[in-house]
Protein chains: 4
Amino acid sequence: MALPTITNQELLVERFRSIRDFSLKLCKPLEKEDYVVQPTMDVSPPKWHLAHTTWFFETFLLSPFSKDFKPFNKDYALLFNSYYIAAGERWVRSERGALTRPTVDEVLEYRNYVDQACIEYLVNHQLSDREKYILEVGLNHEQQHQELLLYDIKYILGHNPLFPAYTDVKTKPTSSVGAAGWIEVSEGIYEIGHQGESFCYDNETGIHKVYLHDMEIANQLVTNGEYLEFMQDGGYTSHQYWLSEGWDWVNREQRKAPLYWIREDDAWHHYTLHGLQPLDKDLPVAHISYYEAEAFATWKGYRLPTEFEWEVAARLTEPDIPEYSNFVEDGLFGERVGQGYDFFGNLWEWTSSPYRPYPYFKPDEGALGEYNGKFMINQMVLRGGSYGTSRSHIRHTYRNFFHPHLQWMFSGIRLARYK
Amino acid sequence: MALPTITNQELLVERFRSIRDFSLKLCKPLEKEDYVVQPTMDVSPPKWHLAHTTWFFETFLLSPFSKDFKPFNKDYALLFNSYYIAAGERWVRSERGALTRPTVDEVLEYRNYVDQACIEYLVNHQLSDREKYILEVGLNHEQQHQELLLYDIKYILGHNPLFPAYTDVKTKPTSSVGAAGWIEVSEGIYEIGHQGESFCYDNETGIHKVYLHDMEIANQLVTNGEYLEFMQDGGYTSHQYWLSEGWDWVNREQRKAPLYWIREDDAWHHYTLHGLQPLDKDLPVAHISYYEAEAFATWKGYRLPTEFEWEVAARLTEPDIPEYSNFVEDGLFGERVGQGYDFFGNLWEWTSSPYRPYPYFKPDEGALGEYNGKFMINQMVLRGGSYGTSRSHIRHTYRNFFHPHLQWMFSGIRLARYK
Amino acid sequence: MALPTITNQELLVERFRSIRDFSLKLCKPLEKEDYVVQPTMDVSPPKWHLAHTTWFFETFLLSPFSKDFKPFNKDYALLFNSYYIAAGERWVRSERGALTRPTVDEVLEYRNYVDQACIEYLVNHQLSDREKYILEVGLNHEQQHQELLLYDIKYILGHNPLFPAYTDVKTKPTSSVGAAGWIEVSEGIYEIGHQGESFCYDNETGIHKVYLHDMEIANQLVTNGEYLEFMQDGGYTSHQYWLSEGWDWVNREQRKAPLYWIREDDAWHHYTLHGLQPLDKDLPVAHISYYEAEAFATWKGYRLPTEFEWEVAARLTEPDIPEYSNFVEDGLFGERVGQGYDFFGNLWEWTSSPYRPYPYFKPDEGALGEYNGKFMINQMVLRGGSYGTSRSHIRHTYRNFFHPHLQWMFSGIRLARYK
Amino acid sequence: MALPTITNQELLVERFRSIRDFSLKLCKPLEKEDYVVQPTMDVSPPKWHLAHTTWFFETFLLSPFSKDFKPFNKDYALLFNSYYIAAGERWVRSERGALTRPTVDEVLEYRNYVDQACIEYLVNHQLSDREKYILEVGLNHEQQHQELLLYDIKYILGHNPLFPAYTDVKTKPTSSVGAAGWIEVSEGIYEIGHQGESFCYDNETGIHKVYLHDMEIANQLVTNGEYLEFMQDGGYTSHQYWLSEGWDWVNREQRKAPLYWIREDDAWHHYTLHGLQPLDKDLPVAHISYYEAEAFATWKGYRLPTEFEWEVAARLTEPDIPEYSNFVEDGLFGERVGQGYDFFGNLWEWTSSPYRPYPYFKPDEGALGEYNGKFMINQMVLRGGSYGTSRSHIRHTYRNFFHPHLQWMFSGIRLARYK
């Protein structure tokens, strides 16, 4: 497992504080009531995210390593363990929204207690490599939950018939779409997987070679306008574009448009973090299930890229993660990203690759080994990060994954084709 | 339909204020978070009760009768209509717990707005008989929801693994159980149904005669101690005591004890409004489904009374509703009632009577006709009121009703037998 | 428990043979394939009925009383016990249609084996009263299953898109409907329940008095033509006629007409035992759920009779069961009955009475005690027998019962009103 | 699309007859009753298979190409279309077991009618390339359903508590397991996909290169004995070996052993086509879900091969499909295969590859395009054929696929590892 990049104590504490505080910043616009509910299985109450990320540091760093540490409340382990079987009993996931206690204020106290203990520990001890690694996992874990927080908040507010806005901050999205085009990838052997010393998840490890055939990948994401054409051409009523399970999903769930698209006064609107707004055709189409992404690509006569094609193309085109101004760190929550539609920080881009282990993959030890490997079935890989992803969290090799029917995450479509 | 008892304006306003305020008093011990959730289909968020009872006055009194009245928020009609099809579209019941907005504070504003409008209307208009009747229905409706509020609050707190108490007020229940005995009812013709001018629901109307055979009814409710004997004698594992659907329920739901009974440290506890406490064997057994009530009676060699036997016996024994000090008006939430276990204000007592219309029953007009009649199938009648029922709300003829598998209400067992 | 009517051995053997043979006669028109399937939970494979009724005699008569009797196949007890928990393990009901073995021929062998053993026992032993009673229960049980056989066969064939006919025998229904009218029942005390020495089920026992108010009951059943008017007046789209659970049922199941009504070539047809035929408006409307029956009565401004009103009116009007020529004994399976629509042998008539024990009801001993009592919840009483009921099986006091949503039995509507 | 191999008319007719007849041969041991039922969603009634394969020739060959052809019965199209949306309406899959008509005899007539029409057409017309291709698809389709027939028959008989045997033919399986060992595959670029003129499915097309790393693949399948060790080591109670969805499956379905393993008299038995038999530890473990296969491999410290590794290793080791004597053509239905456990004709071997399109994959035109492509999600690839696969049906490049939780097919485990 790669070693963490952290080199000195002050920086480490600063980084810890800043990431932990950002979770709270994300929740600022919420009312107490918004913290509690779970309108659907996949959504967790915001309060739960705040507590679970805290439990993570308590359970994996403080309890095993910090001798004098006393848990804040021994009952919390049951409540805030998500899926780590090796870490003990868990409250059943579907019932997270039934828990009104501990209150938000008590959860904030809990965070504060654990933060103080962590910082004290960081300041007073020389961390071992394992401790550094666990800390780094904890911080990346927090960043993942920050993005989930945004998904869940958007779901909670966006499924309320009053359609409250999450933020008043007006973004000025430069709606100018760049010229559509294709980026070439040449046939040959490529190396895939995380290289170097910096942090990565275990699912990116196992450097290995893949053989790619000549292909081209789109230089920007599919827009709402393009997706509307698919809909107007009968996309949701024509079985031939859909995977069989996708077609069942469309009919069972009565899908007629992406999630958050709402027909009102004879015009399409979409719920955004700024509230319900008329559909902007130039924005990339978002909240797309894999089924919809593949159906769209089939209708268009193209396909989705594999995760390997994506990784190679992204590295060729953008060797460094760009310094976009609308990453969540900046508090500007747009539904799109600056100039042009590029590989990072717009939307998670569905690839045609099922989520499976790389050759030589070895899961981490102990409960942390449950982080990734056990989910490697029936899910598809997404790449590139979204406007809800922290810039310090994303990488060329980063593998996100969701079940093909899900829509509540910030997902979009990039097309590909063989030459 | 019987006319309301209200005779003068000041009294009416006073009564309105006092009943409306009591809903808020009941919610005092809650945290904001407690107001929002719906841990199971039958439970509604406390916030929803506060808003729905307000919507009732707005929809059935102010909107049709008060010329200048403007609804507080036109979107609320969708959110806070419960099941009145004739009153328009409704938010689906199972999704009440997904609504974080309006917030508790906004709901309180809503209540205040409607209360002001009501009081102004009461003060400035001479109410017609129909208006008086609707007002009275609205107040009784509010009292019913006050009791449901208690059920739902208890469910929300009692299913939280931290088992928070609802109230710190210590009741001093006089645990002395009176001498068990039987009350006789003689064979003959009896008149059933609400008589006189005072308010009643439409389901109590249709005065009619029934023929009763000689029988006896217990002078007190079955206690936790007696119920424990049933359990220890294999009550939950012996099919012969159970209705077939009850036996299926026991096995499907893996029932082994009443709701809120918890085995801890090798002893039975029960969750009460004062928190988790060692089981008090002298208290009447509560949170009993009809299936359990009938199984217990069968095991004991007795039966449950019919609702007619109950009504006759209660009227003979207690012609007036007693002035018990532990009705919810007094803010003393005990799990039992003063001296002896009598007919009113302990627990709702399951009768063996299915909930069906009386002869000559005529549902009320319009949407209010949906109040009772449409539920007259697959439910059983309960009588007598519970410690969560306002004393001004209960009557000898009052018919409560629940599905036979439900347990979250304050229900108990009174036995009967033929002579 | 009442004693059986059987007085001499030859008659008894003759009666046994004749009833047992009639089950086979009913199955004559079937193909082997028709014997096996269970298209819905409530339907049992015809093969299963033939075996289960045999198991009944084997288990309750031969095994306990006939010393030398050896069961045909010890594995059959598991397969052909229906719901008698006291009689041992049971194959789960919903999986009856998965059992291709034993084959039909093996089941016929099983019947033959048990029939021989029974007859031998009847011939060679003086039956005790208990044995006589059990035999009589067994024969009545077989007659009940004969009627269920018809329901299930009709369901199996009537849900096949090829709509095969069950029988070619042409009935000549005299379509002349009598003059509609009302039969009066006067206010007073009446005695309810089975009297005399003849056989009855335990649920008819407990002779007791009821008080009836002045009322009138229709002299014939509601016809297809009358029901069509209800449909054309928006019956299935108007919530106000329906019980709340009925309205949910209509919408969930998308009901628009009675079971077996099929819209084809712009006209209503109904599937009958003679195949798919144009709707005959003069026939009594059949395959009606309780929800539909009550909704129709409400729409019409009337109500359904209670089971007590029905019993009193039937006894007054037809003190003897009439000798109708189209009872199933005669092999003439009509969808209606001779002259006029009278109380017996047309369709089971929904009453407004929930199925509950009579006063003084005592279930039979042992496993036979599971015959009736444990089903006395959430079901409604039907009276009068249908064209699928053997004439020797029906009585004025006979209480049939079904859940309110069911339609596959031969059920219809008779109206009532207070004077 | 590759052209069919058929070169002359007599051979073609002979091949047609022989494959069609083999379906009937497979059904010989069945009772009429066995043909009808559908004990679980994935199982189809044997009768349905016989009719559906006939419908295939009728719909895709005769109707479009043979001018004078008249369908046997126009209602059959609805009943026997499986999932071809482009070919019209379909009877809902879950209700196949409700159809008792057409009878088995009528289905046999239907087969005969269509067979005669096909043979006549083959004899009297010069087939175009498209017709030849469709005929070939039809024959391969029939062979696939022959294998499904065996799965379904085994399921129907093996879930009957009487455990009837399918066949009395005693196989003499040579239980001698070869010496376990590993076959090496060297790192490098390999070509994948069907080459040459012979028939293949569209999912095998798209010849492309893959890069394999040095690895080894087991020379035989995992045995019952080895699997038993996994069980005895707590395999089914240790979460760490399982994918998360696999672990949920184990607990939800209460799995403790492979399908058809039955604990009786304190010893493991398994239901086979010869009836219930004591477990033979030397046979390859069968009826394994993907979840079980991967859990076993993880426990053992190895992994499953990718479908590419499998294809390369199989081609290296066995360039020709061996002439095994226990393919179903020979009517010898063993649970294992002759000498040694090789790549073909034992059990379908789970690979670690999700079922996705090959590069350059193009689905067939029209309704036949629904044959494969639309299922390429959430399923895993299996390779090699089973003892239920016709030898003329299997190829090195053949891609079978099932959902990871399924067990009713003839599936097993071959291990792999990196060097």
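Residues numbered from 1 in each chain as written. Chains lettered and ligands numbered in written order. Predicted model: local features only at pLDDT ≥ 70, side-chain atom pairs only at ≥ 80, totals over all residues. Heavy atoms only, no water.

K.L.:
When you look at the pattern of salt bridges in this model, what are you seeing that I'm missing?
P.N.:
Counted by the stated rule, this structure contains 89 salt bridges over all chains. A salt bridge links R130 of chain B to D364 of chain B, with the nearest nitrogen and oxygen atoms 3.2 Å apart. Of this pair, R130 of chain B sits in helix α5 (residues 129–158) while D364 of chain B sits in the loop between β8 (348–354) and β9 (380–383), and the two are 234 residues apart along the sequence. A salt bridge links R255 of chain C to E253 of chain C; the shortest N-O distance between them is 3.6 Å. (Salt bridge = Lys/Arg side-chain N within 4 Å of Asp/Glu carboxyl O. Helix = DSSP H or I, 4+ residues; strand = E, 2+ residues; numbered from the N terminus.)

K.L.:
How should the environment of N378 of chain C be read in this particular structure?
P.N.:
With respect to the element layout, N378 of chain C can be found in the loop between β8 (348–354) and β9 (380–383). By relative accessible area, N378 of chain C is classed as buried at 16%. Not counting residues up to four positions away in its chain, the partners in contact with N378 of chain C are E245, Y291, N378 and P404 of chain B together with H403 and P404 of chain C. Side-chain polar atoms of N378 of chain C contact the side chain of E245 of chain B, separated by 3.0 Å. (Buried < 20%, exposed > 50% of the residue type's maximum accessible area, 1.4 Å probe, protein only. Contact = heavy atoms within 4.5 Å. Polar contact = N/O pair within 3.5 Å; in protein donor to acceptor, adjacent residues only side chain to side chain.)

K.L.:
Even after reading the chapter, I still don't get the relation of the copies chain C and chain B, so can you show me in this structure?
P.N.:
Relating the two copies of this chain is a rotation about some axis coupled with a shift parallel to it. At an RMSD of 0.1 Å, chain C and chain B line up after a rotation of 180° and a shift of 0.1 Å along the axis. Both copies are brought into coincidence by an operation consistent with a two-fold rotation axis. When C-alpha positions in chain C are compared against the rotation axis, the closest is assigned to N378 of chain C, at 2.4 Å. When the interface residues of chain C are mapped onto chain B, 100% of them again fall at the interface, so both copies present the same face. (Least-squares fit on C-alpha atoms with pLDDT ≥ 70 in both.)

K.L.:
What is the right way to look at the interface of chain C and chain B in this model?
P.N.:
Interfaces are often described in size by the accessible area the parts lose on coming together. Taken together, the contact between chain C and chain B spans 34 residues of the former and 35 residues of the latter. Taking both sides of the interface into account, the surface hidden between chain C and chain B amounts to around 2,900 Å²; carbon and sulfur atoms contribute 62%. For the pair chain C and chain B, the number of links is 4 salt bridges. Between R356 of chain B and E294 of chain C there is a salt bridge whose closest N-O contact spans 3.2 Å. (Buried area = accessible area lost by both parts, 1.4 Å probe.)

K.L.:
Hey, could you run me through the environment of R15 of chain D in this one?
P.N.:
Relative to the elements of secondary structure, R15 of chain D occurs in helix α1 (residues 9–27). In sequence terms R15 of chain D and L139 of chain D are 124 residues apart; their C-alpha atoms lie 8.7 Å from each other.

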